[in-house]
Amino acid sequence: QVEYNLKAYNASDIYMVSTVPKGMLKDMDFLPCLRCGGFLRYLDVNHMWMGRGGSKSVIHYDDQDNINCMLAGRKRFIFMHPSYKAKFEAHP
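Values in this document were obtained by computation on a predicted structure and should not be read as measured data. (Residues numbered from 1 in each chain as written. Predicted model: local features only at pLDDT ≥ 70, side-chain atom pairs only at ≥ 80, totals over all residues. Heavy atoms only, no water.)

(A) Quick look at the pattern of salt bridges. Scanning the model with the defined rule gives one salt bridge in all. Here Arg35 and Asp29 are joined by a salt bridge, their closest N and O atoms 3.9 Å apart. (Salt bridge = Lys/Arg side-chain N within 4 Å of Asp/Glu carboxyl O.)

Dropping the structure here:
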């Protein structure tokens, strides 16, 4: 099963979403601007998204706040005002 998934991962436009393993949490650090004012007290979920590059996602609405960190490469984000949510959900 692992070998099959690794072959698919290396040859297609897929990505992995997982809760950050507890062993990795100790290695995570936040920028000083995120460590002030009690901001971190409100982080209730941590997910790791990992892709081999070139992946795309459809337009969507995240109801959780996000902090995006790139380890390598680049990522393009397009942000839309929440007032457009109904319109873009009507045309996925």
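(B) Quick peek at the packing of aromatic side chains. A full pass over the atoms with the stated rule returns one aromatic pair. With centroids separated by 6.0 Å and ring planes inclined at 15°, the aromatic side chains of Phe77 and Phe79 adopt a geometry described as stacked. The exposure class assigned to Phe77 is partly exposed, which follows from its relative accessible area of 39%. (Phe/Tyr/Trp six-rings, centres within 6.5 Å; stacked < 30°, edge-to-face > 60°. Buried < 20%, exposed > 50% of the residue type's maximum accessible area, 1.4 Å probe, protein only.)

(C) Examining a nonpolar patch on the surface more closely. Nonpolar side chains collect at one region of the surface, where Phe39, Leu40, Leu43 and Ile67 lie side by side and expose about 280 Å² of accessible area between them. Looking at where Leu43 falls in the secondary structure, it is placed in the loop between helix 2 (22-25) and strand 2 (47-51). (Patch = residues over 30% accessible without salt bridge, like charges linked within 9 Å, V, L, I, M, F, W, Y side chains within 5 Å. Areas by Shrake-Rupley, 256 points an atom, 1.4 Å probe, with all protein chains shown as cover. Helix = DSSP H or I, 4+ residues; strand = E, 2+ residues; numbered from the N terminus.)

(D) Up close: the environment of Met48. As for its placement among the helices and strands, Met48 is situated in strand 2. The spatial distance from the C-alpha of Met48 to the C-alpha of Thr19 is 5.9 Å, given a sequence separation of 29 residues. Residue contacts for Met48: discarding those within four places in its chain leaves Met16, Val17, Ser18, Val20, Pro21 and Met24. (Contact = heavy atoms within 4.5 Å.)

(E) The arrangement of the environment of Met24 in detail. Topologically, Met24 is positioned in helix 2. Among the residues examined, Met24 registers a relative accessible area of 39% and is labelled partly exposed. Spatially, the C-alpha atoms of Met24 and Met70 are 16 Å apart, while their sequence positions differ by 46 residues.

(F) Highlighting the confidence of the model for the protein. On average, residues of the protein carry a pLDDT of 78, and 96% of them reach 70 or more. Model confidence for the protein, summarised as mean pLDDT per element, is weakest for helix 1 (residues 2-11) at 72 and strongest for helix 3 (residues 85-90) at 82. (pLDDT = per-residue confidence, 0-100.)

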